[in-house]
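Next come the chains, spelled out residue by residue.
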Amino acid sequence: MNPADVAQSVLPLTSSDLSLFTLFWHAHWIVKAVMVGLLVCSVWVWAIAIDKTVLYTRSKRAMDRFEQAFWSGQSLEELYRSLSSKPTHSMAALFVAAMREWKRSFEGQARSFAGLQMRIEKVMEVTIAREVERLERRLLVLATVGSAGPFIGLFGTVWGIMTSFQSIAASKNTSLAVVAPGIAEALFATAIGLVAAIPATIFYNKFASEVNKLAQRLEGFADEFAAILSRQIDERG
Amino acid sequence: MQMRMASAISTGLHAAVLLWALVSFSGKTFEVTPAESLPVDLVSEKDFSEMTKGAKQAPKLEIPKPLVEKIADAKPAEEIAPKLTEKQELKATAEKTPEPQPLPKPDPIAEKLKKQDEQKQQAKAEPQPLPPKKPVQKQPKFDADKIAALLDKRDPQRNAATGAELNSTPSLGAASGNAARLSQSEIDALRARLMSLWNPPVGAQDADQFQVTIRIRFKRDGTLDIGPQVMTSGSGARFNAIRDSAVRAVLIGQPFTMLRPDHYDIWKEIDFTFDTKEMFSNIPAR
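Residues numbered from 1 in each chain as written. Chains lettered and ligands numbered in written order. Predicted model: local features only at pLDDT ≥ 70, side-chain atom pairs only at ≥ 80, totals over all residues. Heavy atoms only, no water.

### Remarks on the side chain of A:Lys103
Residues and elements named next belong to chain A. Rules: The numbering of helices and of strands both runs from the N terminus, where a helix is a DSSP run of H or I of at least 4 residues and a strand a run of E of at least 2. Relative accessibility under 20% of the residue-type maximum defines a buried residue, over 50% an exposed one, and the middle range a partly exposed one, all with a 1.4 Å probe and only protein chains included. A 3.5 Å cut-off defines polar contacts: any pair of N or O atoms within that distance qualifies, except that in protein one atom must be a possible hydrogen donor and the other a possible acceptor, and neighbouring residues in sequence count only when both atoms are side-chain atoms.
Tracing the backbone through its elements, the reader meets Lys-103 in helix 5 (residues 90–107). Residue Lys-103 is classed as buried on the basis of its relative accessible area of 15%. Within the local environment of Lys-103, its side chain forms a polar contact with the side chain of Glu-77, the two groups lying 2.4 Å apart.

Set out below in structure tokens:
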């Protein structure tokens, strides 16, 4: 009996019909679920990547613009007034938070300078933490997909190879025509896993370093601003 | 807002890639160009081990014969000691006169027939008056420049392939093959002789785990050409004792008259392995 005929009769998949769609369609439902899951992961990873890229370039540009305005000699009151209604980026939020605390301490009835410095620093610390958290949001998804994706794909592959071996056992024939389609279909799961995981890992590393840089910049600004405010407190007090 | 747009872009990208993959990733069947068929001769294991020494352009023969340039000495060399006594015997036999052979009886009918034949031949010969002219034989010119062509360019020190009979037409075969091989009886005889002479130290510890390979180079008369070379390396008093006993066995055993000089080419160098396991294989393990 010709092995190719056996393959045709036992397996719905033949070696001549290995398009992407048939590879998916003839897979076991668990393998199918793995493939679909990984595909969704890939979509999600790329969505996050696009979102974060846009977010980071924008906030970097906004910070540049804000720092220019801040160091241009413009009155801080004016700057505060223009930004206080709706701070659009992290550094503005930091500035507004610190200024609000400052104003509250001065405009209140009790002009208490004791502890104002500490309060301002605390407020800025909290704001930095909040802003970094906002920048870092969803980055963990990338890390998870990057590390777990290949394993999920491998699981699909192992499952697919198991079932294909079962069909080989059923056909009692080990020719390449019988073995190859099942293996190809199973390996497809690993391929999708890698397709999802590789960009996720790359993007995670890139974004993690960028978040780090932005956070450093925020902290530097916070320290400088705290120094300015502290000088003001000493002058007035 | 921002994320939703990014998701939409990502989904679109994936859809595009998938569409492209659907179009381009259709499994192509591997086109295997049929290879040209080649005639193949199956060589059995026996044929391979008995590969003949031969030339590339030789015509294919049904039964391969080895190339033989020199007839080997027919009789095996005798030991020196008995030769002296033989000479005296030869003298005695030489004096004997050969017995006169009885003459065949004349047959009268045959003689008559002979006479008739002779007469006929004489009658035939008479009409031929002159003997045919002998063609003038060309004297071969001596050309000093062409001497080189007459030289035998083969290595004078080479060992001419020997065999039982001359055979100038080589058959197909490998460069270093020999069709004629030691017969099993010859090998067995050699083995039996060496094993009977070999007396390894039996009491040694692990004495049944030693193998000593000794390269023996024979002269044509079955004596050793050079001393036995020990091919196995080893150390220790036990190994030395077993090795020396093997060398001794080879030295005592000569001349090995069971090896026929016809096939000297084959047995002029033999690697013989003394295996203590074989020696003690009859002793049951404790």
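### Concerning helix 7 (residues 237–253) of chain B
Rules: Here the expected span of a helix is defined as 1.5 Å times the quantity of residues minus one.
Given a rise of 1.5 Å per residue, 17 residues ought to cover 24 Å, and the 24 Å separating the end C-alpha atoms of helix 7 of chain B matches this to within 8%. All of the buried residues along helix 7 of chain B are B:Phe239, B:Ile242, B:Ser245, B:Ala246, B:Val247, B:Ala249, B:Val250 and B:Gly253.

### Re the nonpolar core
Just so we agree on the cut-off: In this description, a nonpolar core means a group of buried Ala, Val, Leu, Ile, Met, Phe, Trp, Tyr and Cys residues linked to one another through side-chain atoms lying within 4.5 Å. Throughout, a contact is declared for two residues whenever any of their heavy atoms are within 4.5 Å.
By size, the foremost hydrophobic cluster in this structure holds 46 residues, and its most contacted members are A:Tyr56, A:Phe66, A:Phe70, A:Phe95, A:Met124, A:Phe221 and A:Phe225. Elements represented by at least two residues in this core include exactly helix 3 (29–70), helix 4 (76–84), helix 5, helix 6 (116–136), helix 7 (139–171) and helix 8 (176–236) of chain A. Looking at which element gives the most residues to this core, the answer is helix 8 of chain A, with 15 residues. Sequence-distant contacts of A:Phe225, defined by excluding residues within four places in its chain, comprise A:Phe70, A:Leu76, A:Phe95, A:Ala98, A:Met99 and A:Met124. In this structure, B:Met195, B:Trp198, B:Leu259 and B:Ile270 belong to the second largest nonpolar core, which totals 24 residues.

### A closer look at the packing of helix 3 of chain A against helix 1 (residues 2–24) of chain B
We count it as follows: For helices, the fitted axis covers only the stretch in contact; all axes are lines through C-alpha atoms, and the angles between them, taken along N-to-C directions, range from 0 to 180 degrees. Should an angle fall under 35 degrees it is taken as roughly parallel, and over 145 as roughly antiparallel, whereas 65 to 115 is taken as roughly perpendicular and any remaining angle as oblique. For any helix crossing, the convention is left-handed if the near helix is rotated counterclockwise from the far helix by under a right angle, and right-handed if that rotation is clockwise. Residue classes follow a fixed rule: Ala, Val, Leu, Ile, Met, Phe, Trp, Tyr, Cys and Pro count as nonpolar, while Asp, Glu, Lys and Arg count as charged, and any other residue, Gly among them, counts as polar.
One way to put it is that helix 3 of chain A packs onto helix 1 of chain B with a least axis distance of 8 Å and a crossing angle of 130 degrees. What the angle tells us is that helix 3 of chain A and helix 1 of chain B run oblique. Along this stretch, helix 3 of chain A crosses helix 1 of chain B, giving a crossing that reads as right-handed. When helix 3 of chain A is examined against helix 1 of chain B, the residues A:Leu39, A:Ser42, A:Val43, A:Trp44, A:Trp46, A:Ala47, A:Ile48, A:Ile50, A:Asp51, A:Val54 and A:Arg58 are found in contact with a partner set consisting of B:Gln2, B:Met3, B:Ala6, B:Ser7, B:Ile9, B:Ser10, B:Thr11, B:His14 and B:Leu18. Per-class residue counts for the contact of helix 3 of chain A with helix 1 of chain B are 12 nonpolar, six polar and two charged.

### Quick notes on the side chain of A:Glu101
If you trace the backbone, A:Glu101 turns up in helix 5. Beyond its immediate chain neighbours, meaning those up to four positions away, A:Glu101 contacts A:Leu116, A:Arg119, A:Ile120 and A:Val123.

### Quick word on the pairing of strand 3 (residues 211–218) of chain B
Residues and elements named next belong to chain B. As a reminder of what qualifies: For two strands to be treated as a pair, DSSP must find at least two bridges joining them.
By the bridge criterion, seven bridges tie strand 3 to strand 5 (residues 269–275) in an arrangement that is antiparallel. Following the sheet pairing, Arg-217 is matched in strand 5 by Glu-269. Note: strand 3 against strand 4 (residues 224–230), four bridges, orientation antiparallel. Bridge pairing in strand 4 links Ile-214 to Val-230. Joining the antiparallel neighbours strand 3 and strand 4 is a turn of five residues, in which Gly-222 adopts a positive phi near 90 degrees.

### Looking at the pattern of salt bridges
What counts, and what does not: Salt bridge, as used here, is a side-chain nitrogen of Lys or Arg placed within 4 Å of a carboxyl oxygen of Asp or Glu.
With the rule as written, the count across this model stands at 11 salt bridges over all chains. Note that A:Arg138 and A:Asp51 form a salt bridge whose closest N and O atoms lie 3.6 Å from each other. With A:Arg138 in the loop between helix 6 and helix 7 and A:Asp51 in helix 3, this pair connects stretches of sequence that are 87 residues apart. By relative accessible area, which is 27% here, A:Arg138 ends up partly exposed. The salt bridge involving B:Arg215 is made with B:Glu269; its shortest N-O contact spans 3.4 Å. Here B:Arg215, found in strand 3, pairs with B:Glu269, found in strand 5; they are 54 residues apart in sequence, far enough to count as distant.

### A short note on the sheet that holds strand 4 of chain B
Residues and elements named next belong to chain B. A sheet is described by the order of its strands in space; here three strands give the open sequence 4-3-5, paired in antiparallel fashion. Each end of this open sheet is capped by a strand with a single partner; those strands are strand 4 and strand 5. Across the sheet, the mean angle separating the axes of adjacent strands is 20 degrees when strand polarity is ignored. Helix 7 rests against strand 3, strand 4 and strand 5 of the sheet, and its axis sits at about 30 degrees to strand 3.

Everything listed here is a matter of coordinates, which is why it stays silent on function.
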